[in-house]
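So the chains spell out like this:
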Amino acid sequence: QLQLVESGGGLVQPGGSLTLACAASGFTLDSYAIGWFRQAPGKEREGVSCISSRSGSRGSLIKYVDSVKGRFTISRDNAKNTVRLQMNSLKPEDTAVYYCAAVPRPYPWCSFRPNDYNYWGQGTQVTVSS
């Protein structure tokens, strides 16, 4: 059974950091495009960052939404079949439930559209507050 599980959320003060992890079971993330999304109360689900499947020496295509550029970093840990989202300089407006999603698409594709992904985790809450 293909499954994604997010972890690493929590309560953090403004300016603080968190690292979210998206661990896969039942399939190998290396050949999947992965997206990180977030959804705040009363708002639509928003793409935050995505990473394409790997392609040899070219690595992966990576994208960030403008509001997190320079603060968030997405990366793969192939040994642990995990994709991480390092979040620094967190702001109250980053507060949301964060989800990871996966779809088997070749390099160099990744997307911020939720409907493009067919596997989703259950989400992890991130709260940025003093």
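Above this note sits the structure.
Let me begin by describing the structure that accompanies this report.

Reading guide: rules and limits
- Residues numbered from 1 in each chain as written.
- Predicted model: local features only at pLDDT ≥ 70, side-chain atom pairs only at ≥ 80, totals over all residues.
- Heavy atoms only, no water.
- Buried < 20%, exposed > 50% of the residue type's maximum accessible area, 1.4 Å probe, protein only.
- Helix = DSSP H or I, 4+ residues; strand = E, 2+ residues; numbered from the N terminus.
- Pairing = 2+ DSSP bridges.
- Phe/Tyr/Trp six-rings, centres within 6.5 Å; stacked < 30°, edge-to-face > 60°.
- Lys NZ or Arg CZ within 6 Å of the ring centre and 35° of its normal.
- Disulfide = S-S within 2.5 Å.
- Salt bridge = Lys/Arg side-chain N within 4 Å of Asp/Glu carboxyl O.

**Some remarks on the pairing of strand E5 (residues 46-51)**
A large share of E5 lies buried, amounting to five of its six residues. Bridging between strand E4 (residues 33-39) and E5 involves five bridges; their strand directions are antiparallel. The residue bridging Arg38 from the neighbouring strand is Glu46, located in E5. Taken together, E4 and the strand that follows it, E5, pair antiparallel across an intervening segment of six residues, in which Gly42 is found at a positive phi of about 80 degrees. When E5 meets strand E6 (residues 62-64), the two strands line up antiparallel, connected through three bridges. Bridge pairing in E6 links Cys50 to Lys63.

**A word on the packing of aromatic side chains**
Applying the stated rule across the entire model yields eight aromatic pairs. Arranged with centres 4.6 Å apart and planes meeting at 55 degrees, the rings of Phe27 and Tyr32 form a pair that is tilted. A cation over a ring is seen here: Arg45 above Trp120, with NZ or CZ 4.9 Å from the ring centre. One Lys or Arg, Arg105, reaches over the ring of Trp109 and ends 4.1 Å from the middle of that ring.

**Considering the state of the cysteines**
A complete count under the given rule lists two disulfides for this structure. Sulfur-sulfur distance for the disulfide between Cys50 and Cys110 comes to 2.1 Å. As the torsion about the S-S bond is roughly 55 degrees, the Cys50-Cys110 disulfide counts as right-handed. Residue Cys50 is located in strand E5, and its partner Cys110 is located in the loop between strand E9 (96-103) and strand E10 (119-120); the two are separated by 60 residues in the primary sequence. Comparing Cys50 with Cys110 shows no difference in burial state: the two are buried. In the protein chain, numbering the disulfide-bonded cysteines from first to last in sequence yields the connectivity 1-3, 2-4.

**Some points on the pattern of salt bridges**
Evaluation of the coordinates by the stated rule reveals seven salt bridges. One salt-bridge network, in which partners are shared between bridges, spans Arg38, Glu46, Arg71 and Asp94.

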